[in-house]
Each structure stands twice: as structure tokens, then as C-alpha cells.
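# Close look at the chain arrangement
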Amino acid sequence: APTKYGNHQLIKFSPHFGTLLNSRYVIQNNTDSSYYYINYSTYTKVDKDNNVYHMCLLGRGRDRERDDTLIIDSQRNMMMPVSNRTAEKSLLVKYSPNLTPLWLVHLRDSLLPTDAGVFTLFHDIEFDDDSSLVFLSFTSHRSGFRDTNNFSSIPMYGDVPIRMKSDMGFLVLEQSMQQPRLRAYGTVPSINFSSHDYQPKGNLVCKNNRVFLQSQFAGGVRFPNNEIDLGGLHKKTHGLTVFDYRGKVIGGMHYQTKSSYTLTGPISLIDSILYLSIRLDHESATFGDITLNEPDYFSVVAKYVDTAFMSCYRGGSGDVRIV
């Protein structure tokens with residue numbers, strides 16, 4: 001079937017790619033009537049039941065004066081309205097094992113009077129099969145982010161406002177065959193704003209009522225009993241924030257990095273051992289009691305051990321090893 005520019009396709013193969021089993025377009029807009037399109041696909045993950053979760057970045061066409069609707073599946077009435085104030089945003093579509101779309105998740109904008117330039121980006125998805133919950137990390141850049149008192153634009157999950165300005169956070173969703181209900185959300189307690197660019201970030205893992213979220217923030221961060229002031233709005237650092245499943249911040253740490261080219265990488269949680277990775281860019285970084293000073297690009301994996309598990313990981317506590 002003909003499809004417009006930017007309509008990405010899911011393709012399912014047999015083991016070893018011997019046979020093409022199924023395929024479908026992510027969206028069904030087959031004409032140029034839509035002013036939004038799939039800019040690129042960012043992430044795909046399969047759960048224990050072989051359902052497929054596909055994350056895409058939605059781009060805007062040349063016409064910025066009108067609202068629009070992106071059609072995912074017309075037969076199931078899966079459509080996503082998009083405001084003309086939206087610059088780019090992410091969407092997550094869940095498919096059955098045979099690639100039938102089941103539900104769509106995205107964050108829309110409240111209708112507060114503000115200018116265009118809203119970015120809402122999904123980064124990572126994780127499952128807790130014991131509690132049947134889905135965790136989805138995201139960043140959100142709103143207009144007027146320097147205003148520390150007012151929200152000039154608020155992301156919405158359905159009819160639920162998510163009170164944040166330009167921060168990183170995560171959604172807690174209940175797994176279901178229909179549109180998942182929002183259980184809770186949490187945001188990194190940055191003093192000013194979190195980075196909202198397209199570099200890798202927002203990797204998360206979850207287990208036993210704890211969510212570990214890699215993040216990049218600027219200006220500073222307010223962890224419980226551990227406030228970090230970077231001494232300036234645009235000074236950035238990378239860190240790890242620990243939440244419970246209600247979205248409450250338990251604690252966290254920062255790696256004392258400042259370069260915007262330093263990137264966080266994958267994070268894994270095995271039993272009570274946390275592995276996190278980061279690529280340094282001509283700078284130093286501190287992991288627990290270990291400080292690295294690298295004159296060039298350098299990738300590192302840090303291993304944190306906490307046998308209690310329910311306590312948070314923070315610099316100077318527990319056992320950390322560079323592997």
C-alpha cells in the first residue's frame with residue numbers, strides 16, 4: 001500500500017530471518033493531508049508474552065499553523081491529536097505478537113496560552129512482571145522553563161496533569177489490553193531544568209518498589225538531605241535518581257560531570273547489584289569513592305552493591321567497582 005514520507009514499518013521475521021512472518025506500517029496516513037509524520041523509530045522492546053512495544057519520534061511538517069490528527073489504526077479508532085504548538089514528541093504503541101496494535105500512549109499539552117516549541121520525548125521502557133506495571137521514562141521541554149513558579153505549559157496523560165517544567169521523569173502505567181491507566185509519575189527534582197535533547201539518557205530499571213533512573217540535569221538537584229548546587233543555570237551534570245513506585249524521590253547521586261557530550265548508557269539491575277554505564281568526554285567523573293580523570297573519550301561501567309537493596313545508592317556509600 002502507498003504510504004507518505006516518514007511512515008515507518010514494523011517487520012517480523014522467523015528465527016535466523018529465514019521467513020517474513022508479518023509487517024505493518026506504524027501509522028496509516030496514506031495521503032499528504034497529515035502535517036505530522038514518524039521522524040524516526042527510537043526503541044523497540046518485547047515483553048514476556050511477546051507483545052511488542054514500539055517507540056517513535058513524531059515530527060512536524062512545514063505547516064505550523066494548524067492542529068492535526070495522526071492515525072495509528074482507523075479500525076480500532078487509535079488516533080492521536082497533535083497541537084500546532086508541538087515541535088516534536090514521542091509516542092509508544094503496543095502491538096500483539098502478530099503486530100495488531102493494542103494501545104497508544106503519548107503525552108499531550110494543556111491548552112494554556114503559550115508559544116510553540118514543546119518537546120516531549122520518551123527514552124526507555126521497563127516492566128515489573130510481579131506487579132504488572134510498565135515504567136516509561138521521558139523528558140519534557142516547555143516554553144518559559146526559567147520561570148520557577150509558573151507552568152507555561154503542562155504535559156497531560158489523558159486528563160491527568162503532570163506538574164513539571166523542563167524535567168526528566170517517568171510514568172507508572174498498569175498493564176492492560178486497553179489504554180493503560182496512569183498509576184503514578186515521578187520527576188527528577190532539578191532546581192532549574194533537565195536536558196531535553198536527543199542524546200541517550202533516561203535509562204531506567206525497576207524492582208521491589210524501587211526505580212533507578214539515569215538523568216542529566218542543570219542548575220542543581222534536590223535529593224532528600226542531599227542538595228547539589230552546580231552554581232549556574234546552564235552547568236550540567238549526570239546522575240542517578242532513586243524513586244519508589246509512587247514516584248516519591250528516595251535519594252540519588254551525581255557523577256560530577258559537566259560536559260554535554262558526556263552520555264549515559266545502559267543500566268541493569270541483577271539481584272541487588274546495579275550496573276550503570278557512562279561515556280566521558282574529556283573530563284572527570286566520580287562514582288562512589290572512585291574518581292576518574294580522562295583526557296579523551298572513555299566509556300566506563302560502574303558496579304554498585306547494596307545487599308539491603310531497599311536503601312538508595314549514593315556517592316560514598318556501599319561498594320562500588322569500576323569494571
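Rules used throughout
Residues numbered from 1 in each chain as written. Predicted model: local features only at pLDDT ≥ 70, side-chain atom pairs only at ≥ 80, totals over all residues. Heavy atoms only, no water. Phe/Tyr/Trp six-rings, centres within 6.5 Å; stacked < 30°, edge-to-face > 60°. Helix = DSSP H or I, 4+ residues; strand = E, 2+ residues; numbered from the N terminus. Buried < 20%, exposed > 50% of the residue type's maximum accessible area, 1.4 Å probe, protein only. Salt bridge = Lys/Arg side-chain N within 4 Å of Asp/Glu carboxyl O. Polar contact = N/O pair within 3.5 Å; in protein donor to acceptor, adjacent residues only side chain to side chain. Contact = heavy atoms within 4.5 Å. Pairing = 2+ DSSP bridges. pLDDT = per-residue confidence, 0-100.

Here a ring pair, both rings aromatic, is described through the centre-centre distance and the interplanar angle of the planes. Considering all chains together, one arrives at six aromatic pairs under this definition. Between phenylalanine 135 and phenylalanine 170 the ring centres are 6.4 Å apart and the planes differ by 35°, which places this aromatic pair in the tilted class. A residue pair is termed long-range when its members are at least 10 positions apart, and phenylalanine 135 in strand E11 (residues 133-141) and phenylalanine 170 in strand E14 (residues 167-174) qualify at 35 residues. A relative accessible area of 0% means that phenylalanine 135 is categorised as buried. Between the aromatic rings of phenylalanine 170 and phenylalanine 243, the centroid separation amounts to 4.7 Å while the plane-to-plane angle is 70°, which identifies the pairing as edge-to-face. Of this pair, phenylalanine 170 sits in strand E14 while phenylalanine 243 is found in strand E21 (residues 236-243), placing the two residues 73 residues apart along the sequence. Using a relative accessible area of 0% as the deciding quantity, one classes phenylalanine 170 as buried. Classification of phenylalanine 243 by relative accessible area gives buried; the value is 0%.

Pairing of side chains with opposite charge becomes possible as their charged atoms draw close. Under the defined criterion, the tally for this structure stands at five salt bridges. The partner of glutamate 174 in a salt bridge is arginine 183, and the shortest N-O contact between them spans 2.9 Å. In this structure, a network of salt bridges that share partners links the residues Glu174, Arg181 and Arg183.

Residue position: serine 90 is located in strand E7 (residues 86-95). Within the structure, the side chain of serine 90 is placed 2.9 Å from the backbone nitrogen of phenylalanine 122, a separation counted as a polar contact.

On to the environment of valine 205. Take valine 205: it is sitting in strand E17 (residues 204-207). Looking at valine 205, the relative accessible area reads 6%, which means it is buried. In this structure, the C-alpha to C-alpha distance between valine 205 and leucine 274, residues 69 residues apart in sequence, is 9.2 Å. In this structure, valine 205 is in contact with Glu126, Arg210, Val211, Phe212, Ile267, Ser268, Leu269 and Leu274, ignoring residues within four places of it in sequence.

Glancing now at the side chain of serine 96. Tracing the sequence through the fold places serine 96 in the loop between E7 and strand E8 (101-106). Owing to a relative accessible area of 11%, serine 96 belongs among the buried residues under this scheme. Every residue in contact with serine 96, bar those within four places of it in the chain, is listed here: Asn50, Asn51, Val52 and Leu102.

What follows deals with the environment of threonine 44. Examined against the element boundaries, threonine 44 turns out to sit in strand E3 (residues 36-46). When its relative accessible area of 44% is taken as the criterion, threonine 44 is described as partly exposed. In contact with threonine 44, not counting residues within four places along its chain, are Val52, Tyr53 and His54. Within polar-contact distance, the side chain of threonine 44 engages the side chain of histidine 54 at 2.8 Å.

This part is about the sheet that holds strand E13 (residues 160-161). Across a sheet, strands are paired by hydrogen bonds formed along the backbone, either parallel or antiparallel in direction. The three strands lie next to each other as E9-E12-E13, forming an open sheet whose pairing is antiparallel. Sheet topology places strand E9 (108-109) and E13 at the edges, where each strand pairs with a single neighbour. Relative to strand E12 (residues 155-157), E9 is paired through two bridges, and the arrangement is antiparallel. What sits directly across from arginine 108, in E12, is methionine 156.

This paragraph deals with the environment of isoleucine 267. Along the chain, isoleucine 267 turns up in strand E23 (residues 263-270). For isoleucine 267, a relative accessible area of 9% corresponds to the buried category. Dropping the residues within four chain positions of it, isoleucine 267 is found in contact with Asn203, Leu204, Val205, Phe212, Gln214, Leu240, Leu274, Tyr275 and Leu276.

Another point: the confidence of the model for the chain. Scored by pLDDT, the chain has a mean of 76; 72% of the residues are at 70 or more. With pLDDT under 50 throughout, residues 144-148 is counted as low confidence; its partners more than four residues away or in other chains account for 10 contacts.

A few words on unusual backbone geometry. Phi is positive for leucine 99, close to 70°, though the residue is something other than glycine. Note on placement: leucine 99 falls in the loop between E7 and E8. We classify leucine 99 as buried; its relative accessible area is 7%. With a phi angle near 55°, serine 132 is a residue other than glycine that sits in the positive phi range. Mapped onto the secondary structure, serine 132 falls in the loop between strand E10 (118-128) and E11.

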